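The lines below spell out each chain.
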Amino acid sequence: MDGEISTDEVAALLDGEDRPRIIDIRSPGEFARGHIPGSENVPFGELPDRIEEFAGADHIVTVCPHGKASVQAARLIGSYEGTNDARVESMAGGLEAWEGDLETAASGETPESPF
């Protein structure tokens, strides 16, 4: 793991060409209610079985509600040999600190709360 990245830095990266893979580790229901546009839902409990999906990625940012569990997820992903060359970071403050838009799986509307 390469540390934490601020929500502002993540937002700036999403507007650029070198967009990171955003991995949201919440449950599918929580993800459906609101997530960072373009993020992927890989619930924390599934990470060990799905770790190979991250092989070859250049930059990975993990996301959770408050920025605590995503640190553990980033450590797990960063320890995988297929991500040795990747920059793996946790989004500091989690979705609670995110001020950007959220998309929902069902309606496309921005929810009042991402959790």
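Everything below is about the structure printed above this text.
Below you will find a few notes about this structure. All values derive from a computational prediction rather than experimental measurement.

1. A short note on the overall build of the chain
Each helix and strand counted, the chain has five helices and five strands in total. Listing the helices and strands of the chain from first to last along the sequence gives β-α-β-α-β-α-β-α-β-α. Principal-axis analysis of the C-alpha atoms places the extent of the chain at approximately 40 × 30 × 25 Å. Residues classed as buried in the chain amount to 42% of the 115 residues present. By element, 43% of the accessible surface of the chain is carried by carbon and sulfur atoms, the whole surface being about 6,100 Å². On the chain, the mean spot of the 8 positive side-chain charges and the mean spot of the 24 negative ones are 4 Å from each other.

2. A short note on the pairing of strand β2 (residues 21-24)
Sheet topology note: the β2/strand β4 (residues 59-63) ladder contains four bridges and is parallel. Residue pairing in the sheet places Arg21 in a bridge with Ile60 of β4. Here β2 pairs with strand β3 (residues 40-41) via two bridges, running parallel. Along β3, the bridge assignment pairs Ile23 with Glu40. Of the crossover connections in this fold, the one passing from β2 over helix α2 (residues 28-33) to the parallel β3 is right-handed.

3. Some remarks on helix α4 (residues 69-79)
Regarding α4, the residues found buried are Ser70, Val71, Ala73, Ala74 and Ile77. On an axial view of α4, the arc spanned by its buried residues comes to 160°, and they lie on one face. Contact partners of the buried residues in α4: β1 (4-5), α3 (47-50), β4 and β5 (87-91).

4. As for the pattern of salt bridges
Under the defined criterion, the tally for this structure stands at five salt bridges. For Glu40, the salt bridge is made with Arg21, and the minimal N-O distance between the two is 2.8 Å. With Glu40 in strand β3 and Arg21 in strand β2, this residue pair connects regions lying 19 residues apart in the sequence. Across the pair Arg50 and Glu46 runs a salt bridge whose closest N-O atoms are separated by 2.9 Å. A relative accessible area of 23% places Arg50 in the partly exposed class.

How each quantity is defined
Residues numbered from 1 in each chain as written. Predicted model: local features only at pLDDT ≥ 70, side-chain atom pairs only at ≥ 80, totals over all residues. Heavy atoms only, no water. Helix = DSSP H or I, 4+ residues; strand = E, 2+ residues; numbered from the N terminus. Buried < 20%, exposed > 50% of the residue type's maximum accessible area, 1.4 Å probe, protein only. Areas by Shrake-Rupley, 256 points an atom, 1.4 Å probe, with all protein chains shown as cover. Lys, Arg positive; Asp, Glu negative; His and termini not counted. Charge placed at Lys NZ, Arg CZ, Asp CG, Glu CD. Pairing = 2+ DSSP bridges. Right-handed = clockwise from strand over helix to strand, strands pointing away. Arc of directions from axis to C-beta. Contact = heavy atoms within 4.5 Å. Salt bridge = Lys/Arg side-chain N within 4 Å of Asp/Glu carboxyl O.

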